[in-house]
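Understanding the architecture of this molecule
The chain contents come next:
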Amino acid sequence: MQQQQTQSQAQQPVMARPPQVVTTKDFQYLKDMLSWELNAMKKCHHFAKETSCQQTKQAIDKAGQMHQRHYGLLLKHLQNNNTEEMKKVPQIQ
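The structure reproduced in this document is the subject of the present report. (Residues numbered from 1 in each chain as written. Predicted model: local features only at pLDDT ≥ 70, side-chain atom pairs only at ≥ 80, totals over all residues. Heavy atoms only, no water.)

1. Focus on the overall build of the chain
Across its full length, the chain holds 4 helices and 0 strands. When the helices and strands of the chain are placed in sequence order, the string is α-α-α-α. Buried residues in the chain amount to 14% of all 93 residues. Considering only residue pairs separated by 6 or more positions, the chain has 68% of its internal contacts joining residues 24 or more positions apart. As displayed, the chain has an accessible area near 8,300 Å², and 54% of this comes from carbon and sulfur atoms. (Helix = DSSP H or I, 4+ residues; strand = E, 2+ residues; numbered from the N terminus. Buried < 20%, exposed > 50% of the residue type's maximum accessible area, 1.4 Å probe, protein only. Contact = heavy atoms within 4.5 Å. Areas by Shrake-Rupley, 256 points an atom, 1.4 Å probe, with all protein chains shown as cover.)

2. Things to note about the side chain of His-67
Position of His-67 among the secondary structure elements: in helix 3 (residues 54-77). Residues in contact with His-67, not counting those within four places in the same chain, are Glu-37, Ala-40, Met-41 and Cys-44.

3. What about helix 3?
Compared with the 34 Å implied by 1.5 Å per residue over 24 residues, the 35 Å span of helix 3 between its first and last C-alpha is a close match. When we look at burial in helix 3, the residues that qualify are Gly-64, His-67 and Leu-74. Elements in contact with the buried residues of helix 3: helix 2 (24-50). (Expected span 1.5 Å × (residues − 1).)

4. Section: the environment of His-70
Position of His-70 among the secondary structure elements: in helix 3. Spatially, the C-alpha atom of His-70 lies 9.4 Å from that of Leu-38, the residues being 32 residues apart in sequence.

5. As for the environment of Ala-63
Mapped onto the secondary structure, Ala-63 falls in helix 3. A relative accessible area of 27% means that Ala-63 is categorised as partly exposed. Distance in space between the C-alpha atoms of Ala-63 and Met-41 is 8.0 Å, their sequence separation being 22 residues.

6. Looking at the packing of aromatic side chains
Under the definition given, this model contains 1 aromatic pair. An angle of 80° between the planes, with centres 6.2 Å apart, marks the rings of Tyr-29 and Trp-36 as edge-to-face. (Phe/Tyr/Trp six-rings, centres within 6.5 Å; stacked < 30°, edge-to-face > 60°.)

Right, dumping it as structure tokens:
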């Protein structure tokens, strides 16, 4: 029962669009995520070259392509003019 409750609490709704403003904390997290995805891509490339089993090679290549897509998606989220978007945010005084 408790495990089921924990699982339902852990699932958060997916945003339809990322927020237009990227905070400093968000930026640092995205930077870490980019690093992790790049590292995963490199490892997949390396291990796909190391194996002689074609089926294993295809599975590792597929995983590497997934990490490459994730990397591209993260980069896309960072390609906005954060300075201009911050000007639109109401300032608390």
